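Remarks on the overall topology
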Amino acid sequence: MLAFLVRRLLMALLTLWAISILTFLIIQLPPGDFVTAYIAQLQSTGSAVSAQEADNLRAQYGLDQPVWVQYFKWLGLALRGNFGMAMEWQRPVIEVIGDRLLLTMILSLAAVLFTWILAFPISIFSAVRQYSFWDYLFTLLAFIGLAVPNFLVALILMYFGFSFFNANVGGLFSPEYADAAWSGGRIWDLMKHLPLPALVLALGGTAQVVRVMRANVLDELRKPYVATARSKGLPEWRVILNHPVRVALNPFISTIGYLLPYIVSGSVIISLVLSLPTVGPLLLKALLAQDMFLAGTIVLLLGAMTVVGTFISDLLLMWIDPRVRAEG
Amino acid sequence: MAKVIAADPAQTRLVNKQVAIASQWQLMWRKFRRHRLAMVGGIVIIAFYLVVIFADFLAYSNPDASEAQRGLLSPQPIHFFDNGRFSPHVYAITGTRDPQTFKRVYKPDPNTKLPVRLFAPGFEYKLLGLIPTSRHLIGVSGSDNESTLFILGTDLQGRDLWSRLIYGTRISLTIGLVAVGLSLLLGVVLGSLSGFYGGVVDNIIQRVIEILRSIPTIPLWMGLAAALPRDWSVLQVYFALTIIISLLGWTELARVVRGRFLSLRREDFVMAARVVGCGQLRIVFRHMVPSFLSHIIAATTLALPAMIISETSLSFLGLGLRPPAISWGVLIQQAQNVQAVALTPWLLLPAIPVIVTVLAFNFLGDGLRDAADPYAQLTK
């Protein structure tokens, strides 16, 4: 058990490190650096910058040192929560991101919850009534859910929302709460807006979980202990729920490992379509403006969020499945 | 998906008898044909790739020809009958500017009928890159500037959406192929190293795969794609994108290859080959590869839609292919906001081919995977 934990923790740390390197790469990749971009911005507004001033700026940001020194400098600052300045805003990156990261997290969590709520009954039903009309229907829907990229779902939803209900389905808050401080009313407002984007995000993941879970339940249903349970006279729903479903529940937790990256990825792009105040639109804006510190930080934080989420799901898996505990 | 179990013992025997004389590929084909959805998927895919090949013929106007006087024209219905006689035609369209909103409004003119003809002359092109011609599948006869056809409407710059969609198919479907080719190369090399040697190599490659899979891909793709220099040509961006997409997309293929290697290593025929003294290369390429080639093909088919979606998503965000390149993502980008979706819903039409091809690839891949598994029936 401890070995399992340690292994997973090491893996999570290794992943975080890999993400930090990739992030740094993204920050470094564009030709020129932060200062050249900054100077170009200043010049476009009419103010001139001398070479001396540029060099001073470079020294201030440590851009005149070798790449690996810059990396460790950046990493050291990042570990202390200092992610540098977002130049477009002239404010610290962390301030610009603000509660957008929290909203991204809430949205992703809600999407995971929706995935479970949808996948649980569908997969059990499809397995128990294999090859029935509903099984085929759900399988087909699952295929479509897998196939249609979620930003297209969002677009199509927006079209229907507009043409049939004459309502704009985007956003996470009503206008009066958009810039307000957190309060009971704001949370309630968020709750009202959350289901739709969360559902859009959940669709693709649901399809995957249903596929795995259905196959698992099917495998379990053929085992002799199910026949035993039935022959001792248990009501059918208890036969199904108490034994095969309990055993097949594993993918629910273990799929978070790949569900989370998928959902976080999706949240970035559907936030743009539905104009949700998450980090997605900010990331795109930062990338288009070549504000690489802001963009890199967002990629890093999203990655970290995924890794931590996956690690928590590992803990949950250990708690729910005695086989995993025994293995370690 | 659906695995057919022969209930009747006599039938099982019959099937077994046929198996005795059928080659592996014949067996696969037989199994595949029974998978109806996969067959449909396969046919749809073939049709789409025919569009890729004959794009110039199917498009009836130059995809880059813009006409400010025709901006945001809604799809033009084709009338098939004229006074009870079969004579397909469209009405000519006159555009005027609304004096209040300054928007262009279009009015069809039922008195001016433009006959729609098959194999009508249009812009010059080279069929298959060889045969110079100017015939197109459909078109309106009397090709002066005023008489034009817009069966799916036009975009903001007045370019014909149908023709752009056809040309977009060319780029969107080939970028997927190139990217999947690169992923396949990476996946097969790393997967087979991992599966064949095992030990430390396997451990390192597996950890790398795990790490790559636990990182949200879209933000990373966005970061990498945004780093592409703005002044690169369409072709450079195209190849850079395929590399970016495949750099993160090879993991699934590598896992499949590794899994096959691991399970085949213990098979009797591999052992037999080793015992009679075959070299390692011969064992791999003469004995192992042919027996999992079909799996690789299936896995590749299943990986393709992900690549197509990646390209579409990136181009949709404005970080992938950029105009003047035409791809499905570039086309959908015009329907990005509520106003566009509400006022000009036909700009959303390029979403349909994306959904159809991705679904078709999934069905096809699923059928291939089922057909490729030689043990699917024995284990039941």
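Conventions and cut-offs
- Residues numbered from 1 in each chain as written.
- Chains lettered and ligands numbered in written order.
- Predicted model: local features only at pLDDT ≥ 70, side-chain atom pairs only at ≥ 80, totals over all residues.
- Helix = DSSP H or I, 4+ residues; strand = E, 2+ residues; numbered from the N terminus.
- Buried ≥ 20, exposed ≤ 12 C-beta atoms within 10 Å, placed from the backbone.
- Contact = placed C-beta atoms within 7 Å.
- Nonpolar A, V, L, I, M, F, W, Y, C, P; charged D, E, K, R; others polar.
- pLDDT = per-residue confidence, 0-100.
- Core = buried A, V, L, I, M, F, W, Y, C linked by C-beta atoms within 7 Å.
- Pairing = 2+ DSSP bridges.
- Axes fitted to C-alpha atoms, helices over the stretch in contact; angles between N-to-C directions.
- Parallel < 35°, antiparallel > 145°, perpendicular 65-115°, else oblique.
- Left-handed = near helix turned anticlockwise from the far one by under 90°.

1. Quick notes on the overall build of chain B
Within chain B one finds 14 helices and four strands. Counting every position in chain B, which comprises 380 residues, the buried fraction comes to 39%. Sequence-distant contacts in chain B: of pairs separated by 6 or more residues, those separated by 24 or more amount to 69%.

2. Overview of the interface of chain A and chain B
Frequently, the measure chosen for interface size is the accessible area that the parts lose on association. With 47 residues of chain A at the contact, the number on the chain B side is 37 residues. In terms of residue count, the dominant contributor to the side of chain A that touches chain B is helix H15 (residues 256-273) of chain A (nine residues). In the side of chain A that touches chain B, the residues fall into 38 nonpolar, nine polar and no charged.

3. As for the confidence of the model for chain B
Residues and elements named next belong to chain B. Within chain B, residue pLDDT values average 78, and 89% of them lie at 70 or more. Mean pLDDT across the elements of chain B bottoms out in helix H1 (residues 9-19) (55) and peaks in helix H3 (residues 36-53) (88). With pLDDT under 50 throughout, residues 1-6 is counted as low confidence; its partners more than four residues away or in other chains account for 11 contacts. Confidence estimates for the predicted assembly give a pTM of 0.79 and an ipTM of 0.77.

4. Quick look at the nonpolar core
In summary, soluble globular proteins display a tendency toward joint burial of nonpolar side chains. If you look at the biggest cluster of nonpolar residues, it comprises 161 residues, and the most contacted ones within it are Ala154(A), Leu283(A), Ile298(A) and Met222(B). Setting aside residues no more than four positions away along its own chain, Leu283(A) makes contact with Val268(A), Ala295(A), Ile298(A), Pro219(B) and Met222(B).

5. A look at the pairing of strand S1 (residues 79-82) of chain B
All names here are of chain B. Where S1 meets strand S2 (residues 85-97), three bridges bridge the pair, whose relative direction is antiparallel. Bridge pairing in S2 places Phe81 opposite Phe86. The antiparallel hairpin formed by S1 and S2 contains two residues in its connecting segment, where Asn83 sits at a positive phi of about 55°.

6. Some words on helix H10 (residues 268-275) of chain B
The buried fraction of H10(B) amounts to zero of the eight residues, a small share that puts the element mostly on the outside. Where H10(B) ends, the next residue or the one after it, Gly277(B), has phi of about 90°, a positive value.

7. Quick word on the packing of H15(A) against helix H7 (residues 217-226) of chain B
It is at 7 Å that the axes of H15(A) and H7(B) come closest, and there the two elements cross at 55°. Of the possible angle classes, the one that applies to H15(A) and H7(B) is oblique. For the pair formed by H15(A) and H7(B), the contact residues are Pro261(A), Ser265(A), Val268(A) and Ile269(A) on the first element and Thr217(B), Ile218(B) and Pro219(B) on the second.

8. Some details on the environment of Leu368(B)
All names here are of chain B. Its location among the elements puts Leu368 in helix H14 (residues 351-372). A tally of 25 C-beta atoms within 10 Å means that Leu368 is categorised as buried. Spatially, the C-alpha atom of Leu368 lies 33 Å from that of Val275, the residues being 93 residues apart in sequence.

9. Section: the sheet that holds S2(B)
By definition, the strands of a sheet pair up through backbone hydrogen bonds, in either a parallel or an antiparallel sense. All names here are of chain B. Taking strand neighbours across the sheet as the criterion, the four strands line up as S1-S2-S3-S4 in an open arrangement whose pairing is antiparallel. Across the chains shown, the open sheet's two edge strands, defined by having one partner strand only, are S1 and strand S4 (131-140). For this sheet, the mean angle separating the axes of adjacent strands, direction not counted, is 50°. With eight bridges connecting them, strand S3 (residues 104-127) and S4 associate as antiparallel partners.

10. Points about the pairing of S3(B)
Note that S2(B) and S3(B) share nine bridges and pair antiparallel. Residue pairing across strands places Val90(B) opposite Leu114(B), the latter belonging to S3(B).

11. Section: unusual backbone geometry
Even without glycine at this site, Ser275(A) takes up a positive phi of about 40°. Within the fold, Ser275(A) resides in the loop between H15 and helix H16 (279-288).

12. Points about the environment of Asn242(A)
As for its position among the elements, Asn242(A) is in helix H12 (residues 236-242). Distance in space between the C-alpha atoms of Asn242(A) and Val226(A) is 9.9 Å, their sequence separation being 16 residues.

13. Points about the packing of helix H17 (residues 292-320) of chain A against H7(B)
In contact at an axis separation of 9 Å, H17(A) and H7(B) are set at 160° when each is read in the N-to-C sense. Taken together, the axes of H17(A) and H7(B) are roughly antiparallel relative to one another. In this structure, H17(A) crosses over H7(B), and the sense of that crossing is left-handed. Each of Ala295(A), Ile298(A), Val299(A) and Leu302(A) in H17(A) lies in contact with H7(B), whose residues at this interface are Pro219(B), Leu220(B) and Gly223(B).

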